[in-house]
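Commentary on secondary and tertiary structure
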Amino acid sequence: DFNGLSIAKNWKDRTYPVVCLDFSGLPQFRDEESFRSALISRLLSAFGGVGFTYDAMSRISFFDQFRVWLAGLPLNSLVLIIDEYDAPLTAHLDDSRLFNEIRTVLSRFYAVIKRYEGCLRFFFMTGITKYSQTSIFSELNNFDDITLNPAYATLLGYTEEEIKSGFAS
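Heads up: these notes are all about the structure in this document. (Residues numbered from 1 in each chain as written. Predicted model: local features only at pLDDT ≥ 70, side-chain atom pairs only at ≥ 80, totals over all residues. Heavy atoms only, no water.)

Looking at the pattern of salt bridges
Just so we agree on the cut-off: Salt bridge, as used here, is a side-chain nitrogen of Lys or Arg placed within 4 Å of a carboxyl oxygen of Asp or Glu. By the criteria applied, helices consist of DSSP H or I runs no shorter than four residues and strands consist of E runs no shorter than two, each listed in order from the N terminus. Buried residues are those whose accessible area, probed at 1.4 Å on protein chains only, stays under 20% of the maximum for their type, while exposed residues exceed 50% and partly exposed ones sit between those limits.
Applying the stated criterion to the full structure yields six salt bridges. Notably, a salt bridge pairs arginine 67 with aspartate 64, separated by 3.8 Å at the nearest N-O pair. Placement of both arginine 67 and aspartate 64 in helix H2 (residues 62-71) is noted, with a separation of three residues, approximately one turn of the helix. For arginine 67, a relative accessible area of 25% translates into the label partly exposed.

Take a look at the structure:
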């Protein structure tokens, strides 16, 4: 990124593979199996670009194959961004049975990420709802929630000054 600039000689870091998962595009589901299938398809598409392959003919489950792949990655070698993590849950607030089934599937995915977090150089997750009481993140209890931290207040969105100047009537 700094080629041709004087700062280039001071840049010691390197670039990292980035996986972006956007859960906002996951549609509503009739059952746990259709959600699991759509999630696995989304994960295959996203992680396939950085080297993960899934052998559907194997007797080893998707999440176990994913776990083995993550375990083989070097430390601090992957960036993971999850956008709208809560979309599959929010879409099913009116169906507690399906909500709980989706939560269980997502929890399994997050458990694998937590177990092999050493391979993550950076992890960033966004959503509009905080599901703190659903146990979906019991596996991800060591991440820093910057939602209400004033130091990050202007990271995303609008500052008070921008609202006053841009939306003045």
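Details of the packing of helix H1 (residues 32-48) against H2
So the rule is basically this: Angles here are taken between N-to-C directions and fall from 0 to 180 degrees, while the axes themselves are lines fitted to C-alpha atoms, restricted in helices to the stretch in contact. Between 65 and 115 degrees an angle is taken as roughly perpendicular, under 35 as roughly parallel, over 145 as roughly antiparallel, and anywhere else as oblique. Here a crossing is called left-handed whenever its near helix is offset anticlockwise from the far helix by less than a right angle, and right-handed whenever the offset is clockwise. Residue contacts follow a heavy-atom distance rule, with two residues in contact if any of their heavy atoms lie within 4.5 Å. Nonpolar residues are Ala, Val, Leu, Ile, Met, Phe, Trp, Tyr, Cys and Pro. Charged residues are Asp, Glu, Lys and Arg, and all others, Gly as well, are polar.
Where H1 contacts H2, the two axes come as close as 12 Å, and the packing angle between them is 25°. Comparing the axis directions of H1 and H2 gives the class roughly parallel. Crossing handedness for the pair H1 and H2: left-handed. Contacts between H1 and H2 involve Arg36, Leu39, Ile40, Leu43, Leu44 and Phe47 from the first element and Phe62, Phe63, Phe66 and Trp69 from the second. In the contact of H1 with H2, the residues fall into nine nonpolar, no polar and one charged.

With respect to the packing of H1 against helix H4 (residues 96-115)
It is at 9 Å that the axes of H1 and H4 come closest, and there the two elements cross at 30°. Considering their axes alone, H1 and H4 lie roughly parallel with respect to each other. The chirality of how H1 crosses H4 is right-handed. Of H4, the residues touching H1 (which contributes Glu32, Phe35, Arg36, Leu39 and Leu43) are Leu98, Glu101, Ile102, Val105, Leu106 and Phe109. Of the residues contributing to the contact of H1 with H4, the split by class is eight nonpolar, no polar and three charged.

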